[in-house]
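Survey of secondary and tertiary structure
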Amino acid sequence: MSTFDDPTSPFAPQPGPTADRAVGRDALLGQLIAGRYKPVEILGEGGFGVVYRAEQIEPVRRTVALKVIKPGMDSDAVLARFEAERQALALMNHPGVARVLDGGLIDPTSPTPASGRPYFVMEYVKGVPLTEHCDRHRLTLRARIEVFQKVCAAVQHAHSKGVIHRDLKPGNILVAFEDDEHQPKVIDFGVAKAINQRLAEQTVFTQQGMLIGTPAYMSPEQAEMTSQDIDTRSDVYALGVILYELLTGMLPLDNQTLREAGHFEIQRLIREVDPPRPSTRLATGVAAETVSRIATARRSEVRTLAGALRRDLDWVVMKCLEKDRTRRYSTPDALAEELGRFLSNQAVLAGPPSVAYRSSKFIRRHRVAVLTGATVAATLFIATAVSVRFGIEAQRAQKRETAARQQAQSERAIAEAVSAFLIDDLLEAVDPDLDGPDVRVAELLDRAAASAGTKFADTPQVGARMLATLGNAYLALGMNNEAEPLLRNAAQLHGSLGNTRDEIDAQTGLIETLWRRDRFDNAVALAERVLDDASELADTDPLRLKVLNQLAAAYKYSGRVAEAEPIYDTVLAGRRESLGEDAFETLQSIYNTAIITALKGINARSAGNEDEGNALLEESITELRAAHTACEKSLGRDHSLTLICLNELAMQLNRLNRVDDAEPIYRDLIDRMTTRLGDDHWRRNQALANFARLLQRNGRAAESLPMYEEVVPYYRRWLGPDSPRTITQVERLASVYEQLNRDEEAVELLETAYADTRSEPELAARVAASLAALHERGDRAAEAGAWRRLAD
């Protein structure tokens, strides 16, 4: 049930006096229900039902769990919820899920207080919540993970039956010690959601505006409330929270904070706040008690726990807790398999696939074999001269192990140094009294970029990583001028250090800064050179595909659409194979192929092939709608790629003069972009410029004017006053001024643009031609002639 509907929850308003509630619950104790079930004890109470321990009298005698609707709670919505839970449980047949044994409607003529109300009967689980069971039995780290793997199997079974639980938490996972085994059972499918079928004839569980689940275990997409696109990865997120709690004794998000927060603040915390890693929590005094509960008295096991959390389990847990669900494990089975790799000393997939890490795992997994080999080698060394060779090999192996260990330590040190700089030196240095309450991300990046060079002068490995991190952050904000030198320096530094993959990765960002700034020839030349450097990478290596994607983008923006198309097709096929259909990169490629279709249509119309061009534009609209739907499903309604798809969809509709279809998309899109990205983001201002153009072209110059007046100053800051795209927006604003009989403002605007483009002769001539045409239309012959001469 929703925690907000649960009267026992601290988040819920408490109903009337406790005594009144108790009357309805206790009245059934000792009564005979449906002729064969006698409630003897209350096990729990939710928002709409009470669960009793009951004795079944016939046809067999046994203890069962009986759930009955509360008095006065038999509304259509509650009955639908109750029936959905019963049907969800009835679908299951797994030792890790409580089974449904019976159910129905209590005879309305029955003299019991429950007459006329629905009920269902489940197997009685004589257990305690998962975390309590593990603590009570002082289970070791391995034992906790093995029990948790059984929970994953039970949830996977539910998913295979088309049911998402949506309220997984320790209290809904009861564990009993049976036949020398710790057997968990998942209970309470009261807010379950069907994947491929309806659980009842009507349901209220996915109504917009209703928070479903328990906030401390709730995924970001579930917290949205407006989103009905909840899939099985929501349960994976909740499993990650439970695993976090099993390992540290605490929740990722502080429970007290959630208790004290308001409704919308809870949503914000779940969606935006990244929890500390389990190993960080373990370092606190409270978590130290967890070590004593998890580990035995042997100090070596305490060290093992701390070491495991700092590495493998940190990676596994934080992958479950990713805000972006496409980065989580896809299924509970995948999570359980990952934990199996940890338990068998294999490399976990969530960790970096470095040689050092995989080598250390191999040695730990084959420790006995390695020691045996060393003993044999030592014996042979004494017995025969061949031992020299074994000794040399052993020495080399030791050197390799040492180098691998040093490499792993170096990677960790670099990551920790970058993290410490960004958090300790940058974020924690923000002074609200000096910086104000709304210090911008760009200002923080400026500070970091200014100090990074001197900060890491003696540690070039860290410095290179820091420069790349800052450059990519600027790139994400659309601050291309600031990103370029940082990414260029990062690539050069990585290259001098022999970090080939890091060098290539930094160069992909550098390519993007070039084509974003209309330096298409430079972007193409660099992309082709970097692709040669990446020739050793596998065809489906994500880094190679990233380079190819940037090359295709450079071709596309430089007008070489025919060359871009097959590359985009190659990238899409490679990403589908290596990353899957729902990955962000794959969805990005689907969007790119739709844009290529649109560009082919535009080119066809420009060549005079109107019918062919319009058909291609219609095809691109279909492709963009499909891309938008896929992005919304996998990434969320307000993800940047989802919004980009909408922007392009509106543009193509406008090109086909379907203004009535395009206009509402633009209005909704700009509102959402402003809310999510702010009014100073490049994607939002691109969309605003496109909408202004739509209005202007349809005789609504006055409506477009404030938009252009906002867009032009932004483009000047973003791309520079001498960028062709900036000049395009300037010319459109000047045209609006002219349409509104404000020629003086149009002339002033264009004259400023001419001064800005004097170093770019072609652009300056273009602006001069615009000024000449403007004066000609105003019958100002002398001025027109002067500007016409400059244009020629």
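Details of the structure are given in the entry above.
Residues numbered from 1 in each chain as written. Predicted model: local features only at pLDDT ≥ 70, side-chain atom pairs only at ≥ 80, totals over all residues. Heavy atoms only, no water.

This part is about the packing of helix α24 (residues 584-606) against helix α26 (residues 640-655). Between α24 and α26, the least distance of the axes is 11 Å, while the angle of their chain directions is 15 degrees. Considered as vectors, α24 and α26 are oriented roughly parallel to each other. For the pair α24 and α26, the crossing hand works out as left-handed. Taking contact as the criterion, the partners of Phe-584, Leu-587, Gln-588, Tyr-591, Ile-595, Ala-598, Ile-602 and Arg-605 in α24 are, on α26, Leu-641, Ile-644, Cys-645, Glu-648, Gln-652 and Arg-655. Split into classes, the residues belonging to the contact of α24 with α26 amount to 9 nonpolar, 2 polar and 3 charged. (Axes fitted to C-alpha atoms, helices over the stretch in contact; angles between N-to-C directions. Helix = DSSP H or I, 4+ residues; strand = E, 2+ residues; numbered from the N terminus. Parallel < 35°, antiparallel > 145°, perpendicular 65-115°, else oblique. Left-handed = near helix turned anticlockwise from the far one by under 90°. Contact = heavy atoms within 4.5 Å. Nonpolar A, V, L, I, M, F, W, Y, C, P; charged D, E, K, R; others polar.)

All right, on to the packing of aromatic side chains then. For the structure on display, the rule yields 8 aromatic pairs. Consider the rings of Tyr-714 and Tyr-715, whose centres lie 6.5 Å apart with planes at 80 degrees: the pair is edge-to-face. For the pair shown, Tyr-714 and Tyr-715 are each scored as buried. One aromatic cluster is present, formed by Trp-682, Tyr-714, Tyr-715 and Trp-718 through successive ring pairs. Here the guanidinium or amino end of Lys-319 rests over the ring plane of Tyr-329, the centre of that ring lying 5.3 Å away. (Phe/Tyr/Trp six-rings, centres within 6.5 Å; stacked < 30°, edge-to-face > 60°. Buried < 20%, exposed > 50% of the residue type's maximum accessible area, 1.4 Å probe, protein only. Lys NZ or Arg CZ within 6 Å of the ring centre and 35° of its normal.)

Applying the stated criterion across every chain, the model contains 47 salt bridges. Across the pair Glu-181 and Lys-150 runs a salt bridge, and its minimum N-O distance is 3.6 Å. Taken together, the residues span a long stretch of sequence, with Glu-181 in strand β9 (residues 181-186) and Lys-150 in helix α4 (residues 141-160) at a distance of 31 residues. By relative accessible area, which is 44% here, Glu-181 ends up partly exposed. On the basis of relative accessible area, Lys-150 is assigned to the partly exposed category, the value being 28%. Here Lys-546 makes a salt bridge to Asp-505, at a shortest N to O gap of 2.8 Å. (Salt bridge = Lys/Arg side-chain N within 4 Å of Asp/Glu carboxyl O.)

With respect to the helices and strands, the residue Arg-780 is situated in the loop between α32 (761-777) and α33 (781-791). The class for Arg-780 is partly exposed, based on a relative accessible area of 22%. Those residues within four positions of Arg-780 in sequence are excluded, and the remaining contacts are Asp-743, Val-747, Leu-774 and His-775. Here His-775 takes part through its side chain, which lies 2.8 Å from a polar atom of the side chain of Arg-780. (Polar contact = N/O pair within 3.5 Å; in protein donor to acceptor, adjacent residues only side chain to side chain.)

Once that is clear, we can look at the environment of Thr-214. Structurally, Thr-214 is set in the loop between β10 (193-194) and α5 (220-223). Taking the C-alpha atoms as reference points, Thr-214 and Ala-238, separated by 24 residues in sequence, lie 9.6 Å from one another. Side chain to side chain, Thr-214 and Lys-169 meet in a polar contact 2.9 Å long.

With that settled, the discussion passes to the packing of helix α21 (residues 520-533) against helix α22 (residues 542-557). At a minimum axis separation of 9 Å, α21 and α22 run at an interaxial angle of 155 degrees. Accordingly, the angle class assigned to the pair α21 and α22 is roughly antiparallel. With respect to the hand of their crossing, α21 and α22 are arranged in left-handed fashion. Across the interface between the two elements, Phe-520, Ala-523, Val-524, Ala-527, Glu-528, Val-530 and Leu-531 of α21 pack against Arg-544, Val-547, Leu-548, Leu-551, Ala-554, Tyr-555 and Tyr-557 of α22. Its residues placed into classes, the contact of α21 with α22 shows 12 nonpolar, no polar and 2 charged.

Our focus in this paragraph is the sheet that holds strand β2 (residues 49-56). Spatial ordering of the open sheet is given by β1-β2-β3-β5-β4, a layout of 5 strands whose pairing is antiparallel. Lying at the two open borders of the sheet, with one neighbouring strand each, are β1 (37-45) and β4 (100-105). In this sheet, adjacent strand axes meet at a mean angle of 25 degrees when their direction is disregarded. Pairing geometry for β4 and strand β5 (residues 118-123), over 5 bridges, is antiparallel. From the neighbouring strand, Leu-105 faces β5, where its bridge partner is Pro-118. (Pairing = 2+ DSSP bridges.)

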